[in-house]
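# Survey of secondary and tertiary structure
These are the residues of each chain, in order.
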Amino acid sequence: MKVLSILNGIRLQAFCIQRRNFTSSLATAAAATPQSSTMTGVHDAQQAMALKENCILVDVNDKAIGFSSKEDCHRVNQVTGEVKLHRAFSVFLFNSKGEMLVQKRSLHKITFPDTYTNACCSHPLHDIELEREEANAIGVRRAAQRRLNIELGIPTAQVQPENFHYLTRIHYKDKGDGVWGEHEIDYILLLQNDVDLNPNENEVSEVRYVKRSEIDEIVKNFNAPLTPWFKLILQHKLKEWWDNLNQLEKCEDTKNILRFS
């Protein structure tokens, strides 16, 4: 047991160093990048640099088959209309009162800017070795921890990978504005914890907690649309999960992939 504890400590330390070095290299590159990118047509340095991160390409059964840049994974092919299928995750975060965090994506975002969505939606990166690990979705959980810290400023200690409840996966596709779209196998992670928020304005323009009894009315009165994945999940599964926060095991289906359209 002592040896196992030491090994786990070494792995965690290596992951933290790897993540820190990767984030640092992106930040350095962003600082040296002009405000517009002729390669991407994106006029925000941070978002343009994020497009260079590599996502994990998968087949329809979520088998990893390679990698490609975030830009390449979200560009709609102008000939075929297709978007490359890649691995992603969606975090649904609840406080101790059972209220769910909703965020509004900033105007700087490349895909679906200025839209309402769940707490965090992003990708495990091929660039980070420990985010490629698949057992018990541990790589995806680590990516969720990283992105919650980047987007919402939540301290990593408050969103430990082992505390996410991995429920299922969904497969969906949306062509967005015809230039930038989505095509993802999306891992659904739920977490209930009272967290400290310090949103990154480049990622998030608004955050709010929503009560279960008010979700329909609030969504109806939003001053912007929902992201396509949030809309589909709200329509098909979210309320069931929300009603079973204290017994989420009833809702688990990690063997199958739900196909939404």
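Details of the structure are given in the entry above.
These lines cover the structure that appears in this document, whether it is placed above or below.

Along the backbone of the chain there are seven helices and ten strands. The burial tally for the chain puts 51% of its 261 residues in the buried class. In the chain, the proportion of contacts linking residues at least 24 apart, taken out of those at least 6 apart, comes to 67%.

Bringing the pattern of salt bridges into the picture now. Under the defined criterion, the tally for this structure stands at 18 salt bridges. Between Arg87 and Glu134 there is a salt bridge, with its nearest N and O atoms 3.1 Å apart. Of this pair, Arg87 sits in strand 3 (residues 86–94) while Glu134 sits in the loop between strand 6 (120–122) and helix 4 (138–152); the two residues are 47 residues apart in sequence, bridging distant segments of the chain. The buried category is assigned to Arg87, whose relative accessible area is 3%. Its salt-bridge partner being Glu217, residue Lys220 comes within 3.7 Å of it at the nearest N-O pair. With Lys220 and Glu217 both in helix 5 (residues 215–220), this residue pair falls three residues apart, about one helical turn. Residue class for Lys220 comes out exposed when judged on its relative accessible area of 62%. We classify Glu217 as partly exposed; its relative accessible area is 46%.

Turning our attention to unusual backbone geometry. Phi angles above zero are rare outside glycine, and Asp114 is one such case at about 55°. Turning to its location among the elements, Asp114 is positioned in the loop between strand 4 (100–105) and strand 5 (116–118). You will see that Asn136, though not glycine, has its phi angle at about 55°, which is positive. Mapped onto the fold, Asn136 is located in the loop between strand 6 and helix 4. Looking at Asn136, the relative accessible area reads 60%, which means it is exposed.

Before going further, it helps to examine the packing of aromatic side chains. Within a pair of aromatic rings, the relevant descriptors are the distance that separates the centres and the angle that separates the planes. As enumerated under the stated definition, the model contains seven aromatic pairs in all. For the pair Tyr116 and Phe222, a centre-to-centre distance of 3.8 Å together with 10° between the ring planes defines the contact as stacked. Linking Tyr116 in strand 5 with Phe222 in the loop between helix 5 and helix 6 (228–236), this pair joins segments that are 106 residues apart in sequence. Note on accessibility: Tyr116 and Phe222 belong to one class, buried.

Taking 1.5 Å per residue, 15 residues should reach 21 Å; helix 4 reaches 21 Å between its end C-alpha atoms and fits that length. Counting buried positions over the 15 residues of helix 4 gives twelve, a clear majority of the element. Taken residue by residue, helix 4 has Gly139, Val140, Arg141, Arg142, Ala143, Ala144, Gln145, Arg146, Arg147, Leu148, Glu151 and Leu152 as its buried positions. Gly153, located one to two residues past helix 4, shows a positive phi value of around 70°.

Rules used throughout
- Residues numbered from 1 in each chain as written.
- Predicted model: local features only at pLDDT ≥ 70, side-chain atom pairs only at ≥ 80, totals over all residues.
- Heavy atoms only, no water.
- Helix = DSSP H or I, 4+ residues; strand = E, 2+ residues; numbered from the N terminus.
- Buried < 20%, exposed > 50% of the residue type's maximum accessible area, 1.4 Å probe, protein only.
- Contact = heavy atoms within 4.5 Å.
- Salt bridge = Lys/Arg side-chain N within 4 Å of Asp/Glu carboxyl O.
- Phe/Tyr/Trp six-rings, centres within 6.5 Å; stacked < 30°, edge-to-face > 60°.
- Expected span 1.5 Å × (residues − 1).

By themselves, these figures tell us nothing about what the structure is for.
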